[in-house]
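Each chain is listed here by its residues.
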Amino acid sequence: MAAVSNSLRRQIEKLEAQFTVDDEKLKAISRHFVGELEKGLSKEGGSLPMNPTWIVSLPDGNEQGTYITLEIGGTNVRVHQITLTGRTSQFDRISSEWGIPKDIKSADADTFWDFVAGCLDKFLEQHPDAREKKLPLSLIFSYPVTQDHINAGILQRWTKGFNVSGVEGQDVVPMFREALMRRQIPVTLEVLTNDTTATLIASAYADPRTRIGCIFGTGCNAAYMEDCGSIPKLAHLRLPPDMPMAINCEWGAFDNERKVLPRTPYDVTIDDTSPRPGQQVFEKMVAGLYLGEIFRLVLLDFHDNRAVGIFEGQDVSKLREPYSLDSSILSLVAKDESKDHREIRHFFQSKLGLTCRDAELELVRRASTVILMRAARLVACGIAAICTKKGYESCRVGAEGSLIEKHPRFRGVLTQSLRRILDWPDKKNPNDEDPVEIIISGGSGLGAAVVAELTLRRIREGNTYGVLQVAQS
Ligand code: BGC
């Protein structure tokens with residue numbers, strides 16, 4: 001077995017240094033973040049879209065009703081039928097999901113919307129009861145949209161590697177409604193929600209201390225509750241200043257100007273070779289879609305450019321395929337505590353045809369750790385910034401996504417970094433709660449159903465702020 005050479009150790013230490021963001025830098029990034037949140041809410045705007053969403057209240061857990069929710073995410077289309085039972089925070093759910101094929105992500109608009117409508121059609125075939133009821137539909141569209149109304153949304157730009165033509169700059173709601181009509185799908189599309197706002201509302205449904213919702217999945221983003229009086233770009237609408245409004249930050253676009261984030265050459269390559277260079281700079285350093293790719297680029301760099309004997313004499317052609325690894329490799333590595341690292345070896349052998357010896361294992365384990373830690377520390381800057389802006393000393397953050405749900409260390413590192421940035425005192429007792437607790441939410445599908453219920457209820461009560469009147473057949 002090849003031992004780990006001193007030169008490999010030195011190279012790994014350099015790599016770790018490249019990915020280390022110290023506490024002072026975290027604080028500086030977080031301060032800059034606060035300014036960017038403010039700018040995004042101003043009339044002039046900034047690089048953070050800070051999209052008002054027309055969700056103007058939080059639930060109390062007693063909401064009631066049955067809804068279909070359909071989520072278009074970065075990887076899957078998920079359909080749920082959700083019944084809010086009206087008993088504190090209870091609900092019933094039936095769900096199905098379909099992977100979004102690669103070609104659909106860059107198809108034309110009609111093909112894309114037909115695919116999405118087809119998923120809903122299949123769901124209703126499986127559940128004829130739901131079809132008969134002609135239920136209200138709540139759409140979760142996990143991309144940045146400008147919403148003048150809760151039932152409309154103009155796509156600002158695709159993210160997460162999507163490139164469907166003819167959708168950017170258009171209202172996605174009529175497009176989807178037409179696709180539903182082409183297939184005569186009996187639902188009425190009532191609201192459009194982002195996955196972060198849906199997660200925020202799902203968590204608030206269960207825990208009234210929730211103020212922020214985050215997604216740590218294929219993409220990364222956050223939403224929080226603002227007061228209309230603190231949103232200068234909505235001043236012309238003369239909304240009640242104390243009326244709450246959920247804001248979808250779209251924080252993936254943080255530091256698109258590249259002023260504060262410490263990017264490595266791997267981050268630069270990812271950005272340069274993406275369909276949208278210069279956009280979503282923060283997201284490209286922290287989101288699941290990109291973490292596996294950063295890891296792959298590191299391994300390849302060590303193999304190709306450094307005389308340290310990584311995968312020496314082996315065929316690395318599979319490792320050369322862009323995006324052949326996703327962030328699940330980071331969780332797999334972190335979870336494999338066996339002495340001989342059986343799972344890691346098996347993964348590399350079966351997926352990439354590569355044998356991991358001691359040298360490769362050392363690199364794999366340490367590289368995956370620093371990549372993950374950097375991501376968790378950077379997203380902490382965003383959460384800390386929202387808490388600072390709002391003056392929250394304590395709150396709950398509802399979260400969802402593969403990184404927070406599957407990686408054994410992500411949440412711990414994130415909370416530890418919040419402690420450092422926000423200068424929390426050390427815990428007296430390990431079981432004490434942290435001032436800001438990250439909680440896995442009941443799912444964005446649940447949140448979207450609650451959003452639909454809150455919206456339809458306020459319309460019935462005569463509050464039609466941000467609701468577009470449309471006739472639906
Ligand atoms: C999108 C956001 C979304 C996030 C998480 C980002 O790429 O722009 O709208 O909330 O991914 O899915």
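Residues numbered from 1 in each chain as written. Predicted model: local features only at pLDDT ≥ 70, side-chain atom pairs only at ≥ 80, totals over all residues. Heavy atoms only, no water.

This part covers the UniProt feature "domain: Hexokinase N-terminal" (unreviewed entry) in the protein. Here, UniProt's "domain: Hexokinase N-terminal" (unreviewed entry) annotation points to residues 12-205. Helix makes up 40% of residues 12-205 and strand 24%. Its end C-alpha atoms lie 45 Å apart. (UniProt positions renumbered as here; feature names shortened; annotations may be inferred. Helix = DSSP H or I, 4+ residues; strand = E, 2+ residues; numbered from the N terminus.)

Of note, the phi angle at Met50 is positive, near 45°, even though the residue is not glycine. In this structure, Met50 sits in the loop between α2 (23-41) and β1 (51-52). Non-glycine residue Gln280 carries a positive phi angle of around 55°. Within the element layout of this structure, Gln280 appears in the loop between α8 (265-272) and α9 (283-286). Classification of Gln280 as buried rests on a relative accessible area of 5%. (Buried < 20%, exposed > 50% of the residue type's maximum accessible area, 1.4 Å probe, protein only.)

Here we take up the sheet that holds strand β9 (residues 210-216). The strand order across the open sheet built from 6 strands is β1-β11-β10-β9-β12-β13, with neighbouring strands paired in mixed fashion. Edge positions in the sheet fall to β1 and β13 (436-440), since each has one partner strand and no second. Pairing of strand β12 (residues 395-400) with β13, which is carried by 5 bridges, proceeds in the parallel orientation. Residue pairing for β13: Val397 is matched across the bridge by Ile438. Along the sheet, helix α7 (residues 195-206) contacts β9, β10 (220-227), β11 (244-248) and β12; its crossing angle with β9, the most-contacted strand, is approximately 135°. (Pairing = 2+ DSSP bridges. Contact = heavy atoms within 4.5 Å. Axes fitted to C-alpha atoms, helices over the stretch in contact; angles between N-to-C directions.)

Glancing now at the pattern of salt bridges. Under the counting rule described, the total for this entry stands at 32 salt bridges. A salt bridge links Glu97 to Arg78, with the nearest nitrogen and oxygen atoms 2.7 Å apart. Of the two residues, Glu97 is situated in strand β4 (residues 91-99) and Arg78 in strand β3 (residues 76-85); the sequence distance between them amounts to 19 residues. Judged by relative accessible area, Arg78 falls into the partly exposed class, the value being 27%. Across the pair Arg320 and Asp304 runs a salt bridge, and its minimum N-O distance is 2.9 Å. Of this pair, Arg320 sits in the loop between α10 (288-305) and α11 (328-335) while Asp304 sits in helix α10, and the two are 16 residues apart along the sequence. (Salt bridge = Lys/Arg side-chain N within 4 Å of Asp/Glu carboxyl O.)

This part covers the pairing of β9. The buried fraction of β9 is high, at 6 of 7 residues. Of the strand pairs in this sheet, β9 and β12 are connected by 5 bridges, and their pairing is parallel. Directly across from Cys214, in β12, lies its bridge partner Ala399. Where β9 meets β10, 5 bridges bridge the pair, whose relative direction is antiparallel. What sits directly across from Phe216, in β10, is Cys220. Adjacent in sequence and paired antiparallel, β9 and β10 are bridged by 3 residues.

So, about the sheet that holds β3. The strand order across the open sheet formed by 5 strands is β4-β3-β2-β5-β8, and the pairing between neighbours is mixed. Each of the sheet's edge strands pairs with one partner strand only, and the pair in question is β4 and β8 (188-193). Sheet twist, expressed as the average angle between the axes of neighbouring strands with direction ignored, equals 20°. Here 5 bridges tie strand β2 (residues 64-72) to strand β5 (residues 136-141), and the two strands are oriented parallel to one another. Along β5, the bridge assignment pairs Leu70 with Leu139.

Not every one of the 15 residues close to the ligand is listed here, only the nearest: Thr159, Lys160, Asp195, Glu250 and Glu283. Take Lys160: an N or O atom from its side chain is 2.8 Å from an oxygen atom of the ligand. Within the side chain of Glu283, a nitrogen or oxygen atom sits 2.8 Å from an oxygen atom of the ligand. Protein chains bury 98% of the 310 Å² of accessible surface belonging to the ligand in isolation. More than half of the atoms of the ligand fall within 2 Å of the grid points belonging to the largest cavity. If you list the elements that add at least two residues to the shell around the ligand, you get α7 and β10. Its residues assigned to classes, the shell around the ligand shows 4 nonpolar, 7 polar and 4 charged. (Near = heavy atom within 4 Å. Polar contact = N/O pair within 3.5 Å; in protein donor to acceptor, adjacent residues only side chain to side chain. Areas by Shrake-Rupley, 256 points an atom, 1.4 Å probe, with all protein chains shown as cover. 1 Å grid on protein atoms, 1.4 Å probe; cavity = no way out; pocket = protein on both sides within 12 Å on 5 of 7 lines; lining within 4 Å. Sits in = over half its atoms within 2 Å of the grid points. Nonpolar A, V, L, I, M, F, W, Y, C, P; charged D, E, K, R; others polar.)

Before going further, it helps to spend a moment on α2. An ideal rise of 1.5 Å per residue puts 27 Å on 19 residues; α2 measures up with 27 Å between its terminal C-alpha atoms. In the core, the buried residues of α2 are packed alongside β10, β11, α13 (358-390) and α15 (410-421). For α2, the N-terminal capping position is held by Asp22, with its side-chain oxygen 3.2 Å away from the main-chain nitrogen of Glu24. (Expected span 1.5 Å × (residues − 1).)

As a further point, take the packing of aromatic side chains. Enumeration according to the criterion identifies 20 aromatic pairs in this entry. Here the aromatic rings of Tyr143 and Phe162 are separated by 5.2 Å at their centres, their planes lie at 50°, and the arrangement is tilted. Pair noted here: Tyr143 is in the loop between β5 and β6 (145-146) and Phe162 is in the loop between β7 (154-155) and α6 (172-182), with a separation of 19 residues, a long-range link. Of the two residues, Tyr143 and Phe162, neither departs from the other in class, the shared state being buried. The rings of Phe112, Trp113, Phe141, Tyr143, Trp158, Phe162 and Phe176 are connected pair by pair, giving a single aromatic cluster. (Phe/Tyr/Trp six-rings, centres within 6.5 Å; stacked < 30°, edge-to-face > 60°.)

Another point: empty space enclosed by the protein. Across all of its chains, the model carries 2 cavities of 30 Å³ or more by this definition. Taken as a whole, the largest cavity spans an internal volume of roughly 100 Å³. In terms of lining residues, the largest cavity is bounded by 16 residues, among which Ser142, Lys160, Asn221, Glu250 and Glu283 are the most central. Along the lines of polarity and charge, the residues of the lining of the largest cavity split into 5 nonpolar, 7 polar and 4 charged. The computed volume of the second largest cavity comes to approximately 70 Å³. Together, Trp158, Thr159, Lys160, Gly161, Phe162, Ser274, Pro275, Arg276, Gln279, Gln280, Lys284 and Tyr290 line the second largest cavity. (Points joined across faces, edges and corners; volume = space filled by probe spheres on them.)

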